Amino acid sequence: MQVEVRVFCGLECYIPGATFGQPIPVEITNGFTGRKLLETLNIPEEKAFSFLVNGRHKDLAVVLSDGDRVSIFPAVGGG
Amino acid sequence: MILKINPEGAELLPAGGVAGKGGYETVTMLKKQYGENVGVIFIGPAGEMLMTGAGIGNNDPEGNAGRYAGRGGLGAVMGSKGLKAIVLDSPKTFDVPVKDKSRFQEAARKFAKILLDHPVTGQGLPAYGTNVLMNIINEAGTLPIRNFKYGRWDKAGEVGGEVAAELCNARGGKATHACHPGCVMRCSNIYILPDGRSMGSLEYETAWGFGPNLEVSDPDQVAEMNYICNDLGLDTIEAGVTLGVLAEAGVIPFGDGKAAIAALEEVGKGSPLGRVIGAGATTAGKVYGVTRVPAVKGQGIPAYDPRSCRGNGVTYATSPMGADHTAGYAVTANILKVGGYVDPTKDEGQLDLSRNLQIATAAVDSTGLCLFVAFAVLDNPEGLPTIVEMLNAMYGIELTINDVVALGQSILKVEREFNEKAGFTKEHDRLPEFFYNEELEPHKTKFTFKEELDEVFNF
Ligand code: SF4
């Protein structure tokens with residue numbers, strides 16, 4: 001099973017070789033949570049302000065499924 | 001005419017050589033004539049031709065003609081008075097009278113700290129500017145693509161804040177820039193075009209309007225359209241929405257930046273097509289028989305699709321200003337998780353969210369503070385009291401927070417009364433039909449609020 005992760009706005013600095021917005025495939029196992037994904041990618045929890053799964057905000061306890069699109073952002077705003 | 005204001009008074013002078021000139025040249029010529037340190041408020045040819053999509057421009061500290069009071073057609077109002085520019089000449093620092101200086105300074109210092117401590121106003125906005133939004137709105141599936149046909153596009157990031165910041169830095173522009181001296185949030189930037197022209201700031205709404213909205217993914221083409229609008233004195237949001245409607249009509253193809261640029265250039269020539277573009281999305285829709293026109297009260301809907309960012313949908317529908325994203329910026333709680341969280345794809349909580357934000361915004365706008373302080377103010381309980389403290393120290397009054405809410409409400413009531421007398425009814429407080437009928441991918445949402453919208457102004 002795999003999820004497709006995108007990181008933005010500086011979070012790419014935690015993942016060697018990563019570029020913002022480029023899909024990063026990550027292997028997951030049964031019961032794999034958002035928190036576990038951050039651990040795997042070495043992204044500090046407090047930096048992952050917005051954690052979206054298939055375009056919806058989720059908290060880090062969310063259990064990920066095969067094919068999920070995960071997007072991770074620090075706190076951002078504009079207008 | 002030029003209105004020149006200096007410490008001796010105000011004077012109306014003939015416009016002379018700047019009549020009919022573009023924004024960039026107008027600012028350069030007037031600074032040369034009246035001194036490098038003067039401030040220039042101007043209109044471009046769009047305002048002089050009384051186009052309803054014309055805005056009023058201001059120079060930035062570097063003299064770029066890129067900081068706009070863009071929306072609502074104010075440039076045409078200025079043009080109708082025959083006023084090309086206002087030149088402000090203040091040879092020494094102008095100290096605004098403050099009743100209690102030390103009390104004010106203390107409150108202002110505290111307020112600056114509140115702004116710098118918040119991650120959005122202290123880090124995100126300075127680093128990437130407002131265009132930091134492109135990716136999160138796209139990922140959240142509510143970025144209007146191809147004239148509001150889809151909610152997400154795999155190329156949106158190519159015109160997003162991260163790419164733009166890299167280009168600004170690589171070409172000797174600035175990724176972090178204050179639009180006026182003293183701002184601590186510095187969300188502005190200076191974008192340099194490939195041929196070296198300095199455009200000024202590329203903002204999120206503009207990048208969206210000429211980018212994903214038209215399926216254009218080349219940041220330089222987007223910035224070129226921004227440059228043309230700054231020069232013509234045209235509202236970039238309205239221009240982007242209008243080009244989307246023209247693409248819908250088949251006048252220009254989607255995905256063709258060159259064709260979009262050529263169409264915009266018609267505005268400066270005053271050709272029939274140029275005048276249609278300058279008149280905005282609603283007029284363009286009527287001229288070309290398009291019903292998918294994203295506009296409310298004759299003003300184009302900006303960069304958040306109302307179906308999957310419903311709080312903003314409520315604001316677009318009900319704001320007395322027409323489709324104005326800033327009038328009650330529910331993107332905060334809907335997408336950015338600032339000031340709480342309200343699920344953007346559900347109806348619950350959206351009416352209250354929009355109402356409260358519209359009231360607070362009307363009040364904060366009246367203080368003269370940049371609206372972006374709201375990100376910090378919404379999250380910090382000390383925020384609003386500190387603004388009130390600054391006001392009290394400045395004027396020697398004793399306002400409370402409740403007075404500020406009452407102020408916001410009274411402003412909205414006056415605006416609504418004006419609209420009523422101008423012939424607007426509750427039927428105008430609705431979104432265009434296609435938002436109720438067409439499902440938006442990826443969340444398969446439709447907008448549903450109709451009569452409920454009449455409760456927004458229930459105070
Ligand atoms: S005043 Fe507002 S718009 Fe101008 S740079 Fe500061 S945050 Fe940005």
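Scroll up to find the structure this text is about.
Criteria and thresholds
Residues numbered from 1 in each chain as written. Chains lettered and ligands numbered in written order. Predicted model: local features only at pLDDT ≥ 70, side-chain atom pairs only at ≥ 80, totals over all residues. Heavy atoms only, no water. Buried < 20%, exposed > 50% of the residue type's maximum accessible area, 1.4 Å probe, protein only. Helix = DSSP H or I, 4+ residues; strand = E, 2+ residues; numbered from the N terminus. Pairing = 2+ DSSP bridges. Near = heavy atom within 4 Å. Nonpolar A, V, L, I, M, F, W, Y, C, P; charged D, E, K, R; others polar. Contact = heavy atoms within 4.5 Å. Expected span 1.5 Å × (residues − 1). Polar contact = N/O pair within 3.5 Å; in protein donor to acceptor, adjacent residues only side chain to side chain. Salt bridge = Lys/Arg side-chain N within 4 Å of Asp/Glu carboxyl O. Buried area = accessible area lost by both parts, 1.4 Å probe.

K.L.:
Even after reading the chapter, I still don't get the pairing of strand β3 (residues 39–42) of chain B, so can you show me in this structure?
P.N.:
Along any regular strand, the residues point their side chains to alternate faces of the sheet. Residue and element names in this part refer to chain B. Of the two faces of β3, only the one carrying V40 and F42 is buried; G39 and I41 on the other face are not. With four bridges joining them, β3 and strand β6 (residues 85–88) adopt antiparallel strand pairing. Bridging from a neighbouring strand, I41 pairs with I86 of β6. Where β3 lies against strand β4 (residues 56–58), two bridges are found, and the strand directions are antiparallel. Bridge pairing in β4 links F42 to G57.

K.L.:
What exactly am I supposed to notice about the site of the ligand here?
P.N.:
Taken together, B:R67, B:H177, B:C179, B:H180, B:C183, B:M185, B:R186, B:C187, B:S188, B:C370 and B:F372 are the residues near the ligand. Class assignment of the residues belonging to the shell around the ligand gives a composition of six nonpolar, three polar and two charged.

K.L.:
I'm lost on helix α5 (residues 119–128) of chain B in this one. Help?
P.N.:
Owing to its 3.6 residues per turn, the α-helix brings residues three or four apart onto one side. All names here are of chain B. Among the ten residues in α5, seven count as buried, and that is most of the element. V120, T121, G122, G124, L125, P126 and Y128 are the residues of α5 that are buried. Where α5 is buried, its residues contact α4 (101–117), α7 (161–170), β7 (174–177) and α17 (374–379).

K.L.:
Would you take a moment to explain helix α18 (residues 383–395) of chain B for this structure?
P.N.:
Residue and element names in this part refer to chain B. Its 13 residues give α18 an end-to-end C-alpha distance of 19 Å, which sits within 8% of 18 Å, the value for a rise of 1.5 Å per residue. Listed as buried for α18 are G383, T386, I387, V388, M390, L391, N392, A393 and M394. Residues of α18 that are buried in the fold lie against α4, α16 (350–367), α17 and α19 (401–421). In the stretch just after α18, G396 is the one whose phi turns positive, near 65°.

K.L.:
Mind showing me how you'd approach the side chain of B:E266 here?
P.N.:
Residues and elements named next belong to chain B. Within the secondary structure layout, E266 lies in helix α11 (residues 257–269). For E266, the side chain forms a polar contact with the side chain of S271, separated by 2.6 Å. Leaving out residues up to four positions away in the same chain, E266 has contacts with S271, L273 and G274.

K.L.:
Teacher, can you tell me more about the pattern of salt bridges here?
P.N.:
Close approach of charged atoms allows side chains with opposite charge to pair. Residues and elements named next belong to chain B. Summed over the entire model, instances satisfying the criterion amount to 28 salt bridges over all chains. Note that R197 and E224 form a salt bridge whose closest N and O atoms lie 2.8 Å from each other. Here the residue R197 occupies a position in the loop between β8 (188–192) and β9 (198–200), and E224 occupies one in helix α9 (residues 219–232), the gap between them amounting to 27 residues. Measuring nitrogen to oxygen at the nearest pair gives 3.0 Å for the salt bridge that ties K269 to E266. Linking K269 with E266, this pair stays in helix α11, spanning three residues, or about one helical turn. According to the relative accessible area criterion, K269 is exposed, its value standing at 60%. Residues participating in the shared-partner salt-bridge network are R71, D235 and E238.

K.L.:
Just checking my understanding: could you explain the interface of chain B and chain A for this structure?
P.N.:
How big an interface is tends to be reported as the loss of accessible area on association of its parts. Contact with chain B, which involves 30 residues of that partner, is made by 20 residues of chain A. The junction of chain B with chain A conceals about 2200 Å² of combined surface from both sides, 59% of it contributed by carbon and sulfur atoms. In this structure, the salt-bridge partner of A:R69 is B:E139, at a minimum N-O distance of 2.9 Å. Counting the contacts that link chain B with chain A gives nine residue pairs in polar contact (both at pLDDT 80 or more). Contributions of two or more residues to the side of chain B that touches chain A are made by α5, α6 (133–139), α7 and α15 (331–336) of chain B. Residue composition of the side of chain B that touches chain A, by class: 16 nonpolar, seven polar and seven charged.

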